[in-house]
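Each chain is listed here by its residues.
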Amino acid sequence: MNFLSRNKADILLLGVAAVWGSSYLATKVLTEHGSVFAILSARFLIASVIMLVVWLFTSNKRLDRRGFLIGVFFGLTQAGILSLETWGVKLTSATNAGLIISMTIVFTPILESLWLKKWLPRSYFIAATVAVVGVLLLVSGNGFHTPNWGDALMLGAAIVRSIHVTALGQLTTCFSYSSVSVTFVQTVVCAVVFTAADVPGVIASYSTFTALDWLDLFYLAAACTVFAFLVQLWAVRKTSAARVSLLLGTEPIWAVVIGVFLGAEMLGWLGVLGAVLIIGGSYRAQGIELKHRVVPLLPNGPA
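Residues numbered from 1 in each chain as written. Predicted model: local features only at pLDDT ≥ 70, side-chain atom pairs only at ≥ 80, totals over all residues. Heavy atoms only, no water.

J.: How would you explain empty space enclosed by the protein if you had to name every residue and give the values?
T.: In this structure the tally under the stated criterion is 3 cavities of 30 Å³ or more. The set of elements that each furnish at least two residues to the lining of the largest cavity consists of α2 (8-30), α4 (65-91), α8 (149-172) and α11 (211-236). A per-element tally of the lining of the largest cavity places α4 first, with 6 residues. Split into classes, the residues belonging to the lining of the largest cavity amount to 8 nonpolar, 6 polar and 4 charged. (1 Å grid on protein atoms, 1.4 Å probe; cavity = no way out; pocket = protein on both sides within 12 Å on 5 of 7 lines; lining within 4 Å. Points joined across faces, edges and corners; volume = space filled by probe spheres on them. Helix = DSSP H or I, 4+ residues; strand = E, 2+ residues; numbered from the N terminus. Nonpolar A, V, L, I, M, F, W, Y, C, P; charged D, E, K, R; others polar.)

J.: Requested: an account of helix α3 (residues 36-56), with residues and values cited.
T.: Helix length check: α3, at 21 residues, gives a terminal C-alpha distance of 30 Å against a target of 30 Å (1.5 Å per residue), a fit within 8%. Among all positions in α3, only V36, A38, I39, L40, S41, A42, R43, F44, I46, A47, S48 and M51 are buried. (Expected span 1.5 Å × (residues − 1). Buried < 20%, exposed > 50% of the residue type's maximum accessible area, 1.4 Å probe, protein only.)

J.: An account of a nonpolar patch on the surface is needed here, citing residue identities and associated values.
T.: Residues L111, L114, W119, L155, I159 and I163 make up a contiguous nonpolar surface patch of roughly 560 Å² in combined accessible area. On the secondary structure map, I159 appears in helix α8. For I159, a relative accessible area of 39% translates into the label partly exposed. (Patch = residues over 30% accessible without salt bridge, like charges linked within 9 Å, V, L, I, M, F, W, Y side chains within 5 Å. Areas by Shrake-Rupley, 256 points an atom, 1.4 Å probe, with all protein chains shown as cover. Salt bridge = Lys/Arg side-chain N within 4 Å of Asp/Glu carboxyl O.)

J.: Summarise the packing of aromatic side chains; cite the residues concerned and give the values.
T.: Applying the stated criterion to the full structure yields 9 aromatic pairs. The interplanar angle of 80° and the centroid separation of 5.5 Å between the aromatic rings of Y124 and F125 together place this pair among those described as edge-to-face. Neither residue differs from the other here; Y124 and F125 are each classed as buried. Members of the aromatic cluster, each reached through a chain of ring pairs, are F37, F44, W87 and F194. (Phe/Tyr/Trp six-rings, centres within 6.5 Å; stacked < 30°, edge-to-face > 60°.)

J.: So what's going on with the packing of α3 against helix α9 (residues 179-197)? Which residues, and what values?
T.: One way to put it is that α3 packs onto α9 with a least axis distance of 8 Å and a crossing angle of 155°. Comparing their axes, α9 and α3 come out roughly antiparallel. Remark: the crossing between α3 and α9 carries left-handed chirality. On α9, the residues that touch F37, L40, S41, F44, L45, A47, S48, M51, L52, V54 and W55 of α3 are V180, S181, T183, F184, T187, V188, C190, A191, F194, T195 and A197. A class-by-class count of the residues in the contact of α3 with α9 yields 16 nonpolar, 6 polar and no charged. (Axes fitted to C-alpha atoms, helices over the stretch in contact; angles between N-to-C directions. Parallel < 35°, antiparallel > 145°, perpendicular 65-115°, else oblique. Left-handed = near helix turned anticlockwise from the far one by under 90°. Contact = heavy atoms within 4.5 Å.)

J.: Account for the environment of S205, naming residues and giving values.
T.: Turning to its location among the elements, S205 is positioned in helix α10 (residues 199-206). Each C-alpha atom of the pair S205 and G34 lies 4.9 Å from the other, and the pair is 171 residues apart in sequence.

J.: Hey, could you go over the pattern of salt bridges for me, with residue numbers and the actual values?
T.: Tallied over the full model, the rule gives 1 salt bridge. R161 is the salt-bridge partner of E85, the closest N and O atoms lying 2.6 Å from each other. Note that E85 is positioned in helix α4 and R161 in helix α8, a separation of 76 residues in sequence. Residue E85 is classed as buried on the basis of its relative accessible area of 13%.

J.: Could you give an account of the packing of α3 against α10, naming the residues involved and the relevant values?
T.: Put simply, α3 and α10 touch, their axes get as near as 8 Å, and they point 75° apart. Considering their axes alone, α3 and α10 lie roughly perpendicular with respect to each other. Side by side, α3 and α10 meet where F37, A38, S41, A42 and L45 of the first sit next to G201, V202, S205 and Y206 of the second. Looking at side-chain class alone, the contact of α3 with α10 contains 6 nonpolar, 3 polar and no charged residues.

J.: Outline the confidence of the model for the chain, listing residues and values.
T.: Interpretation of the predicted coordinates at a detailed level should be avoided for regions scoring low in pLDDT. The predicted model of the chain averages 78 in pLDDT, with 79% of residues at 70 or higher. Under a pLDDT of 50 for its full length, residues 295-303 has, in the predicted model, 21 contacts with residues more than four places off or in other chains. (pLDDT = per-residue confidence, 0-100.)

J.: Kindly report on the side chain of R161, identifying the contributing residues and their values.
T.: Given a relative accessible area of 9%, R161 falls into the buried group. Discounting residues that sit within four places of it in the chain, R161 has contacts with W20, I81, E85, I101, T104 and E251.

J.: If you had to explain the side chain of S22 to someone new, which residues and values would you point to?
T.: Within the fold, S22 resides in helix α2. The class for S22 is buried, based on a relative accessible area of 15%. Polar side-chain contacts of S22 include one of 2.4 Å to the side chain of Y219. Not counting residues within four places of it along the chain, the set of residues in contact with S22 comprises Y219 and I258. (Polar contact = N/O pair within 3.5 Å; in protein donor to acceptor, adjacent residues only side chain to side chain.)

See below:
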């Protein structure tokens, strides 16, 4: 129990990485049946309904003007990330997408160090680089394709995600407003943005989605959105943005594991080596970050 208590944030963040890793297959299939914004609109409308239920049963709904504006800001940045990611997955291969989005684990500590004016030691970046090399080996098992517009969009998503995670950590530190309320606002903002972005496409796609498509959308909404958003906002207040990004950077591992066991894909020796480098590099970087990044004790505000 002590282990679980000490590592609760890490375990939950790994859970987020796992469900995000599983989202590639569902998203790839859905893009064949509807427009990108229709998929995201349906996902976040469902997520908004779930968040409304969660919010209604939350005892403390504290949310001042600052908290509301932070929720709106994070909703807009999250909408940008998911738009870039979904278009990127649609236009490039899952191999390239998994590789490029993992660059978040390099961009985030750099941004956070600039923000805090407290640079992490060189050994951290060496360990992070080892993890990135591991991702390269892991996801290039089936061949690295020539870069295209989808790859550029995934790189943009990695940059925006790094900014999002860094801002999430800095803007929510030492404030005790309700994480549920902020996440609810964030989710509704995403739903509004995606629906307004392509109203005709949304209406047309809704009529063509099958029962299995809606089941996939519910999974994306409940697990990959509500669960992931709540955990990310809660965990970043208990640790640092660099650590959050590093743990979420294991997403490609989960994507490959799910592909092997559910998609009957083969994992060669380069993939195994990549997995070892990612796990080893991530573990080493976490230890270095804990020693050199002073994480302030935060008040026990409402969750």
